[in-house]
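So you can see what is in the structure, the chains are spelled out below.
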Amino acid sequence: NAGVTQTPKFQVLKTGQSMTLQCAQDMNHNSMYWYRQDPGMGLRLIYYSASEGTTDKGEVPNGYNVSRLNKREFSLRLESAAPSQTSVYFCASRTGVGYTFGSGTRLTVV
Amino acid sequence: GQQVMQIPQYQHVQEGEDFTTYCNSSTTLSNIQWYKQRPGGHPVFLIQLVKSGEVKKQKRLTFQFGEAKKNSSLHITATQTTDVGTYFCAEVGGSTLGRLYFGRGTQLTVWP
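Quick caveat: nothing in here was measured; it's all calculated off a predicted structure.

1. Considering the interface of chain B and chain A
With 20 residues of chain B in contact, the opposing surface of chain A contributes 23 residues. Scanning the region where chain B abuts chain A turns up zero salt bridges. The interface formed by chain B and chain A includes five residue pairs in polar contact (both at pLDDT 80 or more). Of all the secondary structure elements, the ones that give two or more residues to the side of chain B that touches chain A are β4 (32-37), β5 (43-49), β9 (85-92) and β10 (100-102) of chain B. Here the residues of the side of chain B that touches chain A are counted per class, giving eight nonpolar, 10 polar and two charged.

Dropping the structure here:
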């Protein structure tokens, strides 16, 4: 039982490049979330998906798109990376009461 | 959206000392969750409080929810080096979508 798996763990992009962050959960949860974490800012919600086929914007959605491919997978796409998107990205799914987070993707945009 | 304020931002203690972090809101919270994040790690769920005045304990950790449900605290008795990390409070949004609104966290350093 792996929980929430994120790939890649580290990534360096040049400004303007695109990439997709992958997230998969094996707990059969309906709800999945993408957060970004910046120093001193806590975690801020980018997008979330209440169920397969639905997605909604969170607090900081600009510059991102998401796809809920199926119940297991929820991907985050940066179409044209900017230095302001340098951050640690966490995917999470809801574990009944608490939330289970993936180990994160550390993204640097230069 | 909801906003929870967390203080202090940083806390440095000697091993064996106690530690407390506080979470405050200007509005009534429906519930509060606490997470711990080790350096370089990911947030890990600790506990959820729902009832007014609720107190829950996990070994050396004591969690409280205020009577007015506008504040919460996490107290660690006799800190150990394994307690190092950042502690976050978060409110689950009132809708069924379950969005988490995080405080900015308290970073705890424990000196041996």
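2. Brief notes about unusual backbone geometry
The amide bond that connects T7(A) to the next residue, P8(A), takes the cis arrangement and shows omega of -10 degrees. Counting through the fold element by element, P8(A) comes out in the loop between β1 (4-7) and β2 (10-13). With an omega of -5 degrees, the peptide bond between I7(B) and P8(B) qualifies as cis. If you trace the backbone, P8(B) turns up in the loop between β1 (5-7) and β2 (10-14). In this structure, N28(A) takes a positive phi of about 65 degrees despite not being glycine.

3. Some details on the pattern of salt bridges
Residue and element names in this part refer to chain A. For the structure shown, the criterion picks out five salt bridges over all chains. With its nearest N and O atoms 2.8 Å apart, the salt bridge here joins D38 to R44. The exposure class assigned to D38 is buried, which follows from its relative accessible area of 12%. On the basis of relative accessibility, which here comes to 22%, the residue R44 falls in the partly exposed class.

Calculation criteria
- Residues numbered from 1 in each chain as written.
- Chains lettered and ligands numbered in written order.
- Predicted model: local features only at pLDDT ≥ 70, side-chain atom pairs only at ≥ 80, totals over all residues.
- Heavy atoms only, no water.
- Contact = heavy atoms within 4.5 Å.
- Salt bridge = Lys/Arg side-chain N within 4 Å of Asp/Glu carboxyl O.
- Polar contact = N/O pair within 3.5 Å; in protein donor to acceptor, adjacent residues only side chain to side chain.
- Helix = DSSP H or I, 4+ residues; strand = E, 2+ residues; numbered from the N terminus.
- Nonpolar A, V, L, I, M, F, W, Y, C, P; charged D, E, K, R; others polar.
- Buried < 20%, exposed > 50% of the residue type's maximum accessible area, 1.4 Å probe, protein only.

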